[in-house]
Amino acid sequence: MNGHASFNQVFFTNAEIAPEFIVGEPGEGWKIATTTLMHERRGADGLRRAAMASKRPERCYAEEAEEIAHQLEPYKWYPQRMGRVDLVMQRARETGKIDDPAVRQEIARLLTLAKTAEWTALRSRAAQAQGRPQGPEGSLGKLAASVVARKANQVHTMISGADAMLTGEDSPMGGVIAEILVSTPAISIAGGTDEIQRNIISERILKLPKEPRTDADRPFREVPRNVVT
Ligand SMILES: Cc1cc2nc3c(=O)[nH]c(=O)nc-3n(C[C@H](O)[C@H](O)[C@H](O)COP(=O)(O)OP(=O)(O)OC[C@H]3O[C@@H](n4cnc5c(N)ncnc54)[C@H](O)[C@@H]3O)c2cc1C
């Protein structure tokens, strides 16, 4: 959709490991898996340090590119996925839309949302810095990042109008705005959808009753599901 390939699927079949490499205890795999997912979600809370600090409009920040080159290749992180709130004021000034009261209202809404999401994510990180394990609050940050990205998409569209669809060197910000529009839908799916985050928040943070489930105590291989033929 946006020219990036950010999927990675790895299958292990009949994998065997030595006992000393087991993480946790046998039978605790789901607990380990969900803890790992909570870490991934925290990583998607919009608090990428380099992205927050930098004001440069390039597709990939230099600091991130360097980190990715060492740790994540061939995966490519593209900040457009988060909505690029940092570019909104610059674009509003460039286009003169900064003087449009309706646009100003939406920009204010977006910046307020982004700032409160940032504080929530910082609170969660501060708790971990004091030794608390990663908890379900990662879902709050992930869901907030999703809301911010969608709102940023809308505000960029209000500012750039139909030009937001243009790509190429002479298009708004060299195609970065168009890339934002086609990249932000990813954030509410990858790492667990918005609906899944809402389930986690309601069950594990607000302690609301769980949805009835008939398969919670059955191994996954025995859970009835559609068969692909
Ligand atoms: C850009 C991008 C990159 C990705 N990268 C990776 C990757 O590197 N590795 C990887 O493994 N995966 C990756 N994914 C996959 C991603 O994790 C899944 O797409 C996501 O978890 C949703 O699963 P699904 O697509 O099977 O949707 P489904 O689970 O089929 O969901 C379909 C719809 O039903 C809703 N739904 C499902 N279950 C529930 C429930 N229990 N309660 C309420 N609503 C529910 C969902 O919210 C959604 O709206 C990536 C996805 C994207 C978009």
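Just so it is clear, the structure is predicted and the values come from calculations on it, not from any experiment. (Residues numbered from 1 in each chain as written. Predicted model: local features only at pLDDT ≥ 70, side-chain atom pairs only at ≥ 80, totals over all residues.)

S.K.: Which residues make up the site of the ligand, and what values go with them?
M.R.: What surrounds the ligand is a group of 13 residues, the closest being Ala186, Ile189, Ala190, Thr193 and Glu195. Across the shell around the ligand, the residue classes break down as five nonpolar, seven polar and one charged. (Near = placed C-beta within 6 Å. Nonpolar A, V, L, I, M, F, W, Y, C, P; charged D, E, K, R; others polar.)

S.K.: Provide a residue-level description of the packing of helix 5 (residues 101–129) against helix 6 (residues 137–160), including the pertinent values.
M.R.: In contact at an axis separation of 9 Å, helix 5 and helix 6 are set at 160 degrees when each is read in the N-to-C sense. Here helix 5 lies roughly antiparallel to helix 6, going by the angle between them. In the crossing of helix 5 with helix 6, the sense of the turn from one axis to the other is left-handed. (Axes fitted to C-alpha atoms, helices over the stretch in contact; angles between N-to-C directions. Helix = DSSP H or I, 4+ residues; strand = E, 2+ residues; numbered from the N terminus. Parallel < 35°, antiparallel > 145°, perpendicular 65-115°, else oblique. Left-handed = near helix turned anticlockwise from the far one by under 90°.)

S.K.: Now, about the nonpolar core: what can you tell me, with residues and values included?
M.R.: Nonpolar side chains in soluble globular proteins tend to end up buried together. Val88, Leu110, Ala145, Val148 and Ala152 are the most contacted members of the largest nonpolar core, which totals 26 residues. Of the residues forming this core, the biggest block, nine residues, is contributed by helix 6. The residues contacting Ala152, other than those within four sequence positions of it, are Gly83, Arg84, Val85, Val88, Leu110 and Thr184. (Core = buried A, V, L, I, M, F, W, Y, C linked by C-beta atoms within 7 Å. Buried ≥ 20, exposed ≤ 12 C-beta atoms within 10 Å, placed from the backbone. Contact = placed C-beta atoms within 7 Å.)

S.K.: Please set out the confidence of the model for the protein chain residue by residue, giving values where relevant.
M.R.: Per-residue confidence for the protein chain averages 85 on the pLDDT scale, and 86% of its residues sit at or above 70. Taken element by element, the predicted model of the protein chain shows its lowest mean pLDDT in helix 2 (residues 49–53) (44) and its highest in helix 4 (residues 88–95) (96). (pLDDT = per-residue confidence, 0-100.)

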